[in-house]
Amino acid sequence: MRFITFIILISTLTIGNLSSQTAGQAYINAQNCIGNDCVYPGDANNDGLVNRADVLTLGWGYGKTGPSRSTAGINWAPSYCPDWITSTPDSLNNKYLDCNGDGTINSNDLDAISQNYSLSYLKYEIVSQYEGDLEFYLELNTDTFIEGDTIIAKLMLGTELNQAEDIYGFSVALSYPEHFVKDDGVSGDFMTSWLIDNGEIGFYRDFPQSGVVEVVLSRIDQTPVSGYGQIGEMYFIIEDNLDEKGFGDINLNFSTGSGLVSTTQIYSLDVDASTEVVISNSEKPTVNNWKPSDILAYPTPFVNGVYLDGIFPLKEDLTFHIYNINGQEIKKGVLKSNHIPLEGLNNGVYILTINGTDMHHEIKIIK
Ligand SMILES: [Ca+2]
Ligand SMILES: [Ca+2]
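Before going into details, it helps to say that this report is about the structure given with it. (Residues numbered from 1 in each chain as written. Chains lettered and ligands numbered in written order. Predicted model: local features only at pLDDT ≥ 70, side-chain atom pairs only at ≥ 80, totals over all residues. Heavy atoms only, no water.)

Structural notes on the coordination of the calcium ion (ligand 1)
What counts is decided by this rule: Each metal site is built from N, O and S donor atoms within 2.8 Å (3.2 Å for Na, K and Ca), and since water is not included, such sites may look incomplete. In short, tetrahedral needs four donors with all angles between 85 and 135 degrees, square planar needs four and octahedral six donors with opposite donors over 155 degrees apart and all other angles between 65 and 115, and whatever is left is irregular. Partly exposed describes any residue whose relative accessible area lies between the buried limit of under 20% and the exposed limit of over 50%, with all areas from a 1.4 Å probe on protein chains only and scaled to the type maximum.
Each protein donor to the calcium ion (ligand 1) is listed here as Asp-43 (OD), Asn-45 (OD1), Asp-47 (OD), Leu-49 (O), Asp-54 (OD) and Asp-54 (OD); together their distances run 2.2 to 2.6 Å. Around the calcium ion (ligand 1) sit 6 donor atoms, and with donor-metal-donor angles ranging over 52 to 164° the site reads as irregular. Read in sequence order, the donor residues for the calcium ion (ligand 1) give the motif D-x1-N-x1-D-x1-L-x4-D. Under the relative-accessibility criterion, Asp-47 is labelled buried at 6%.

So this is what it looks like as structure tokens:
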């Protein structure tokens, strides 16, 4: 017979009154923990790995409060926290969701996830497969780009005929052609989204070496929603000197894989959407071969003027005219830089025209 003796040494724990769980209450002498009870800062779903599933999990407990462990900090180390009185829909204690340990679950907890992203300890559970029918696809702003342009990839979830039902959060890994995207050239915006209202949990993590960006969006009101269309958009700035990469049209692929969907639990999801763009490096734009899509005026709406993109360097003198919606000319001049000052205009819609020897281009601008 063999005897195995487990000896567990526990330092003296001085734990506060567990029945009064208020935000901001620190358990200064309670830093030790055992096994599954330990909180790792950023591992919101307590599966042993910090990744985008933790961002989705955060959304479930958003706004909830409980005992803090604020003396523990957010560095990757286990720390003790008494159980909170609240749990997630799939019965995980909310103490794990308070990633920075300040006693409140909110967007500040993304800092701990971001700092500890990809760190793990040995404990990773397989996520079960989503059985529903969920359509996801990418929509690019145009299919041809030149160097220095920004590609906008709209993330589209659900279609009019096949709406996404009862969704609380969504994540996808998006592959992009890293050799043609500038370093630090990836960013995102989640303010236009049927899935999330205010962008508080809109998160992305870029892996520029491998050309993958992981995108996560989660609601924060404990209420799943149904809908279809845009849930967010990602921006990719194309390298501004493609000469080194050779001339000619190059087909570039944007594709997705490895999704996660959050309902009342987190499921893995097969996502297979890809779309192709052409980067043209054979034909630099000149005044003679502009396409309407080359010329952009921004911002819209503008405040004190607009900037132009896509027509410089100028090959000839160009004039501009501004008309109001009734066709009356408001201003005109010679284009000297990429900025047209437009102070003092009333709010409304205007038409900007740019004129050269054999071109006439109109852009609608809004103040
Ligand atoms: Ca985790
Ligand atoms: Ca927190």
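Let's talk about the coordination of the calcium ion (ligand 2)
Taken together, Asp-98 (OD), Asn-100 (OD1), Asp-102 (OD), Thr-104 (O), Asp-109 (OD) and Asp-109 (OD) make up the full set of protein donors to the calcium ion (ligand 2), lying 2.2 to 2.7 Å away. Seen from the calcium ion (ligand 2), its 6 donor atoms lie at angles of 51 to 164°, and the figure they make is irregular. If you list the donors of the calcium ion (ligand 2) from N- to C-terminus, the spacing comes out as D-x1-N-x1-D-x1-T-x4-D. Summarising the burial analysis for this pair, Asn-100 and Asp-109 share the class buried.

What about the packing of aromatic side chains?
Heads up, the condition is: Each aromatic pair joins two rings of Phe, Tyr and Trp (for Trp, the six-membered one) with centres within 6.5 Å, and gets the label stacked for planes under 30 degrees apart, edge-to-face for over 60, and tilted for any other angle. Runs of H or I in DSSP of at least four residues are treated as helices and runs of E of at least two as strands, each being numbered from the N terminus.
Going through the model one piece at a time under the given rule, you end up with 8 aromatic pairs. On the numbers, 5.1 Å between centres and 65° between planes, the contact of Phe-236 with Phe-254 is edge-to-face. Here Phe-236, found in strand 10 (residues 229-238), pairs with Phe-254, found in strand 11 (residues 249-262); they are 18 residues apart in sequence, far enough to count as distant. Like Phe-236, the residue Phe-254 is buried in the burial classification. A connected cluster of aromatic rings, assembled from ring pairs, spans Tyr-117, Phe-203 and Phe-207.

Section: the nonpolar core
Our working definition: Here, nonpolar core means buried Ala, Val, Leu, Ile, Met, Phe, Trp, Tyr and Cys residues that are tied together by side-chain atoms lying within 4.5 Å of each other.
In this structure, Leu-134, Phe-136, Phe-170, Leu-195, Ile-231, Met-234 and Phe-236 are the most contacted members of the largest nonpolar core, which totals 40 residues. Core analysis: the next-biggest nonpolar cluster, separate from the first, contains 27 residues, Leu-58, Leu-97, Ile-105 and Ala-112 among them.

Observations concerning the sheet that holds strand 20 (residues 360-366)
Backbone-to-backbone hydrogen bonds pair the strands of a sheet. The strands run either parallel or antiparallel. Using the following cut-off: Note: two strands are recorded as paired if DSSP finds a minimum of 2 bridges between them. Between the N-to-C directions of two axes lies an angle of 0 to 180 degrees, each axis being a line fitted to C-alpha atoms and, for a helix, fitted only over the stretch in contact.
With antiparallel pairing, 4 strands are arranged side by side in an open sheet as 17-16-19-20. Across the chains shown, the open sheet's two edge strands, defined by having one partner strand only, are strand 17 (329-334) and strand 20. Looking at each pair of strands side by side, their axes are set apart by 20° on average, direction ignored. Pairing analysis gives 5 bridges linking strand 16 (residues 319-324) to strand 17, with the strands arranged antiparallel. By the bridge assignment for strand 17, Phe-320 is matched with Gly-333.

Some details on the environment of Ile-237
For the record, the criterion: Contacts between residues were defined by any pair of non-hydrogen atoms, one from each residue, lying within 4.5 Å.
Here Ile-237 shows up in strand 10. Using a relative accessible area of 29% as the deciding quantity, one classes Ile-237 as partly exposed. A C-alpha to C-alpha distance of 6.3 Å links Ile-237 and Ile-151, two positions 86 residues apart in sequence. Aside from chain neighbours lying at most four places away, what touches Ile-237 is Gly-148, Asp-149, Thr-150, Phe-180, Val-181, Lys-182 and Gly-185.

Remarks on the sheet that holds strand 3 (residues 150-157)
With respect to topology, 4 strands assemble into an open sheet ordered 1-3-10-6, the strand pairing being antiparallel. The open sheet is flanked by strand 1 (136-140) and strand 6 (181-189), the only strands paired with a single partner. Going from strand to strand, the sheet's axes swing by 25° on average, the running direction of each strand aside. When strand 6 meets strand 10, the two strands line up antiparallel, connected through 5 bridges. When the bridges of strand 10 are listed, Val-186 appears paired with Phe-236.

None of this, on its own, says anything about what the molecule does.
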